[in-house]
Every structure is written in C-alpha cells, then in structure tokens.
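Single-letter residue listing:
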Amino acid sequence: FILIFDVTVTSDLPAITGEGSVVLSQAPGTQITLDNDRLFRVHADHTRFKDLQISIETAETVFELNSNDNELDGITLVSAQPNQPKQAISVSASKNVVANTQIIGCGDQGSQIKGSNANNNQILDTVITGATAAPKVNKAAILIEEGSGNSLVGNVVVDNSVSGITLRKAQSTMIAHTTLA
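Below: a short report on this structure. Please read these numbers as outputs of a predicted model, since none were measured by experiment. (Residues numbered from 1 in each chain as written. Predicted model: local features only at pLDDT ≥ 70, side-chain atom pairs only at ≥ 80, totals over all residues. Heavy atoms only, no water.)

**Points about the overall build of the protein**
Here is the rule: In DSSP terms, a helix is any run of H or I states spanning at least four residues, a strand is any run of E spanning at least two, and both are numbered starting from the N terminus. Our radius of gyration is a C-alpha quantity, and the globule rule it is checked against amounts to 2.2 Å times the number of residues to the power 0.38. Think of it in three bands: residues with accessible area under 20% of the maximum for their type are buried, residues over 50% are exposed, and the middle band is partly exposed, with areas taken using a 1.4 Å probe on protein chains only. Two residues qualify as a contact provided that any one of their heavy atoms is within 4.5 Å of a heavy atom in the partner residue. A 1.4 Å probe and the Shrake-Rupley method give the accessible areas. Residues count as covered only by the protein chains that appear here. The charge count includes Lys and Arg as positive and Asp and Glu as negative, but it does not include His or the ends of the chains. Every charge is mapped onto a representative atom, which is NZ of Lys, CZ of Arg, CG of Asp or CD of Glu.
Of regular secondary structure, the protein possesses 0 helices and 22 strands. Its C-alpha atoms give the protein a radius of gyration of 15 Å, near enough to 16 Å, the size a compact globule of 181 residues would have. Residue burial in the protein is summarised as follows: out of 181 residues, 49% are buried. Partitioning the intrachain contacts of the protein with sequence separation of at least 6 by distance along the chain shows that 62% fall at a separation of at least 24. In the structure as shown, the protein presents an accessible area of about 8100 Å², 47% of it carried by carbon and sulfur atoms. Each charge class in the protein was averaged separately, 11 positive and 18 negative side chains, and the resulting centres sit 8 Å apart.

**Details of a nonpolar patch on the surface**
The following threshold applies: Only residues above 30% relative accessible area that lack a salt bridge enter a patch, with like-charged residues linked at up to 9 Å and the nonpolar side chains Val, Leu, Ile, Met, Phe, Trp and Tyr linked at up to 5 Å. Basic side-chain nitrogens of Lys or Arg form a salt bridge, by our definition, when they fall within 4 Å of a carboxyl oxygen of Asp or Glu.
Nonpolar side chains collect at one region of the surface, where Phe1, Leu3 and Phe5 lie side by side and expose about 360 Å² of accessible area between them. For phenylalanine 5, the position within the fold is in the loop between strand E1 (2-4) and strand E2 (7-9).

**What to know about the packing of aromatic side chains**
Rule in force here: Classification of ring pairs uses Phe, Tyr and Trp, with its six-membered ring standing for Trp, and accepts pairs whose centres are within 6.5 Å; under 30 degrees between planes counts as stacked, over 60 as edge-to-face, and the remaining range as tilted.
Inspection of the entire model under this criterion finds 3 aromatic pairs. Taking the centre distance of 5.3 Å and the plane angle of 20 degrees together, the rings of phenylalanine 40 and phenylalanine 63 count as stacked. With phenylalanine 40 in strand E5 (residues 38-42) and phenylalanine 63 in strand E8 (residues 61-65), the pair connects residues that are 23 residues apart, well separated along the chain. Here phenylalanine 40 and phenylalanine 63 have matching classes, each one buried. Ring geometry for phenylalanine 49 against phenylalanine 63: centres 5.0 Å apart, planes inclined by 70 degrees, an arrangement best described as edge-to-face. In this pair, phenylalanine 49 is assigned in strand E6 (residues 47-50) and phenylalanine 63 in strand E8, connecting sequence segments 14 residues apart. Pair check on accessibility: phenylalanine 49 and phenylalanine 63 agree, each one buried. Among the aromatic residues, those joined into a ring-pair cluster are Phe40, Phe49 and Phe63.

Set out below in structure tokens:
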C-alpha cells in the first residue's frame, strides 16, 4: 500500500513492474500535479489506483495500463486547454477496470482500449467531458480499437468536440446504460 501526499511530477516516474499487488491512494486534502509526458506506466498485474485527484499541467498520457487485472477507481483527472493529455487513460492489456472516474478535459481520447490483446476490459460509471481534438476517425471520448469482450456500462460522455464512442475492429463490445450528449 502506497499513500501519496502533495507532489508535482516533472520527470518520468519508473514504470510499475513485477509480480504482486500494489495499491496507490492519495492522502486527504493533498494535490497531485502532472507536468510531464506520463504519470503512471503499469507493466505489473494487479495494481490498484484508488481515489486520486490529479491536476494536469502537461501530459501525453496519464495512466498507461500495459498489463492485466489492474484497476482505476475513483480517479479525477482535470486539465484545461492547451494542456490536455492526448490520452488520459490508455489500456493495451486484458481484464482492466476503470470505474467511478472523471476525466475533465482531454485531447484525442479520454479513455482508449486498443490492441489485439486488449480483451475483457471494463469502463464503468465514468464521466468524460471536454475532449477538444479536431474530429477524426481515431479521436473519441472513448475509443475501442481491436480487442474483444470489452464493456462500457453506466458512463456519461458529454460536451466533447470529438466522437462520443468509437469502435474500430472491436468484437463483442457491450455498451449499456451510457449517456451521450
């Protein structure tokens, strides 16, 4: 268990690697500020991020999940133009869960599930607003490309200048109880 206090990240953090479970949480009343390309790169299964509030000054990607069975729960990501991340959350592996999360401001994708190994992932009860990239086929508040068995349930996707949800070569994707406006 790792408890994070006030911190401004201005250079790459080491990737989270290895076996076993890690839980990262934030101390009440503290602030995490991202002023770098990436905050968390996960190459270890069973990593859990819980109740983090992150202010984004600059970033390419905030969470990059490259391994299986990880969870983002209760995450709030806030950014303003022109400092929005290209992808707030990027998933390229299987059985990951993004739940109870708010993404306020992003560029190309709020959350993307992408790759032939990105199967059986879930985005649940998540709000994505303020995606500002110019509309194109691969830009969406939620992008699912390739992979199969992914689920979008209970999400709210509003006030974005990109597509709400884009599915490309995605198989057996379930979308339920999701609001697009």
